[in-house]
Amino acid sequence: MPFLFEKLLVYQKAVEFAVEIGSYADEFPRRTRSLADQLNRAAISVPANIAEGNGRWGKLDRRNYFIIARGSLQECVALVEIARRRGCLAESKEIGR
């Protein structure tokens, strides 16, 4: 039986996003490995925090994990912009849409 969070559309989309980001990050030039690693970790943090938050009993505790997930997603936005400006991603590449 799957966990309840696995049925959530937001969780499913977050996993797809993390996989997509990981495939792009794998193609970054060697000189930008730290940027690729940071982007990959931030993207993985989104579904991980949604899952962990869903396992919490208290509303405030659960909410905190969802806030962290949102923050990690916003971190990805900044990191993708940096990757674009450093030539790791094409300007025309749409991520997570």
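Look up a bit, the structure's there.
Residues numbered from 1 in each chain as written. Predicted model: local features only at pLDDT ≥ 70, side-chain atom pairs only at ≥ 80, totals over all residues. Heavy atoms only, no water.

Go over the overall build of the chain, please, and point to the residues and values.
A tally of helices and strands in the chain yields three helices and zero strands. Reading the secondary structure of the chain in the N-to-C direction produces α-α-α. Going through the 97 residues of the chain one by one, you find that 35% of them count as buried. Within the chain, contacts between residues at least 6 apart in sequence are counted, and of these 58% link residues at least 24 apart. Accessible surface for the chain amounts to roughly 6,700 Å². Of this, 55% is attributable to carbon and sulfur atoms. A distance of 4 Å separates the average location of the 16 positive side-chain charges in the chain from that of its 12 negative side-chain charges. (Helix = DSSP H or I, 4+ residues; strand = E, 2+ residues; numbered from the N terminus. Buried < 20%, exposed > 50% of the residue type's maximum accessible area, 1.4 Å probe, protein only. Contact = heavy atoms within 4.5 Å. Areas by Shrake-Rupley, 256 points an atom, 1.4 Å probe, with all protein chains shown as cover. Lys, Arg positive; Asp, Glu negative; His and termini not counted. Charge placed at Lys NZ, Arg CZ, Asp CG, Glu CD.)

Describe in detail the side chain of serine 72, supporting the description with residues and values.
Among the secondary structure elements, serine 72 is positioned in helix α3 (residues 59-85). When its relative accessible area of 7% is taken as the criterion, serine 72 is described as buried. Those residues in contact with serine 72, other than ones at most four positions away along the chain, are Ala42, Ser45 and Val46.

Lay out the pattern of salt bridges in plain terms, naming residues and giving numbers.
This structure, assessed with the given rule, holds four salt bridges. A salt bridge links arginine 56 to glutamate 52, with the nearest nitrogen and oxygen atoms 2.9 Å apart. A network of salt bridges, in which partner residues are shared, links Glu52, Arg56 and Asp61. (Salt bridge = Lys/Arg side-chain N within 4 Å of Asp/Glu carboxyl O.)

Please give an account of the packing of aromatic side chains that cites residues and values.
All chains considered together, the criterion is met by two aromatic pairs. Plain terms: the ring middles of phenylalanine 3 and phenylalanine 5 are 5.6 Å apart, the flat faces sit at 15 degrees to each other, and that makes the pair stacked. A centroid spacing of 4.8 Å and a plane angle of 80 degrees characterise the contact between phenylalanine 5 and tyrosine 11, whose relative ring orientation is edge-to-face. An aromatic cluster of at least three residues, connected via ring pairs, comprises Phe3, Phe5 and Tyr11. (Phe/Tyr/Trp six-rings, centres within 6.5 Å; stacked < 30°, edge-to-face > 60°.)

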